[in-house]
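Architecture at a glance
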Amino acid sequence: AQKITQTQPGMFVQEKEAVTLDCTYDTSDQSYGLFWYKQPSSGEMIFLIYQGSYDEQNATEGRYSLNFQKARKSANLVISASQLGDSAMYFCAMRGNTGNQFYFGTGTSLTVIP
Amino acid sequence: DTGVSQNPRHKITKRGQNVTFRCDPISEHNRLYWYRQTLGQGPEFLTYFQNEAQLEKSRLLSDRFSAERPKGSFSTLEIQRTEQGDSAMYLCASSFGRASNQPQHFGDGTRLSIL
């Protein structure tokens, strides 16, 4: 069975500082994809970054980077130079080998403090 | 490309009534997904279409729930005889192709409130 675990219900970060949001996963698939989404209070889910299980380099997208440690089955999101607009819920998700389902964690609520 | 569109944004209904939601995916996307999200939780998978074929359904999807995607374009999700526990945000997402790196693009959701 596939499972995503996000152990930080809430996080606070000072504006302009970096923050790491934790995500661990469990799967028996050899090929899978890991995704991070942002959900502001308005409700829409915004795709941030993707990491493939066979990718050797950590993914980066602007201020977002993914710290992928395959042996530990972790895929932590790092946000650098936090901005007030980064305050939102953040969800880690996994797509398994069949690609028919995404499995989401329970999310981390990030608050950026001015 | 106007993104994934969901209607209505909000639906308030009495327990026992039937409701139907609509999702218009991004036009070239062949895959369409429905999720349910309750407060404080991540989205839970309900069902998946590839073109017009419904290929996967979650065990969460009771027989009161039915989804269609008749021409492989828009999709509808119907809930019959609604119950209090059906109150949630219903999210639709679409993606293209089979590559595992293709992200799902989500609509803004339909928030269902059962009185």
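Refer to the structure above for everything that follows.
Report on the accompanying structure. (Residues numbered from 1 in each chain as written. Chains lettered and ligands numbered in written order. Predicted model: local features only at pLDDT ≥ 70, side-chain atom pairs only at ≥ 80, totals over all residues. Heavy atoms only, no water.)

How two aromatic rings sit relative to each other is set out by the distance from centre to centre and by the angle between their planes. Evaluation of the coordinates by the stated rule reveals 16 aromatic pairs over all chains. Site record: aromatic cluster; members linked through ring pairs are A:Phe35, A:Tyr37, A:Phe47, A:Tyr50, A:Phe102, A:Phe104, B:Tyr33, B:Tyr35, B:Phe45, B:Tyr48 and B:Phe106. Positioned over the ring face of A:Tyr64 is A:Arg63, at 5.7 Å from the centre of the ring. The ring of B:Phe74 is capped by B:Arg22, whose NZ or CZ atom sits 3.9 Å from the centre of that ring. (Phe/Tyr/Trp six-rings, centres within 6.5 Å; stacked < 30°, edge-to-face > 60°. Lys NZ or Arg CZ within 6 Å of the ring centre and 35° of its normal.)

Okay, the state of the cysteines next. All names here are of chain A. Taken as a whole and judged by the stated rule, the model has two disulfides over all chains. Across a sulfur-sulfur distance of 2.0 Å, Cys23 and Cys92 are joined as a disulfide pair. A torsion of -65° about the S-S bond marks the disulfide between Cys23 and Cys92 as left-handed. Of the two residues, Cys23 sits in the loop between strand S3 (19–21) and strand S4 (24–26) while Cys92 sits in strand S10 (residues 88–95), which places them 69 residues apart along the sequence. Accessibility expressed as a relative area gives 0% for Cys23, which makes it buried. (Disulfide = S-S within 2.5 Å. Helix = DSSP H or I, 4+ residues; strand = E, 2+ residues; numbered from the N terminus. Buried < 20%, exposed > 50% of the residue type's maximum accessible area, 1.4 Å probe, protein only.)

In this structure, A:Tyr25, A:Leu34, A:Trp36, A:Ile49, A:Leu77 and A:Tyr90 are the most contacted members of the largest nonpolar core, which totals 24 residues. At the level of elements, S3, strand S5 (33–39), strand S6 (46–52), strand S8 (64–69), strand S9 (74–79), S10 and strand S12 (108–113) of chain A are the ones that each hand at least two residues to this core. Among the elements that make up this core, the one with the highest residue count is S10(A) (four residues). Not counting chain neighbours up to four residues away, the residues in contact with A:Tyr25 comprise A:Lys3, A:Ile4, A:Tyr32, A:Leu34, A:Phe68, A:Lys70, A:Lys73, A:Ser74, A:Ala75 and A:Met94. Core analysis: the next-biggest nonpolar cluster, separate from the first, contains 19 residues, B:Val19, B:Leu46, B:Leu77 and B:Ala88 among them. (Core = buried A, V, L, I, M, F, W, Y, C linked by side-chain atoms within 4.5 Å. Contact = heavy atoms within 4.5 Å.)

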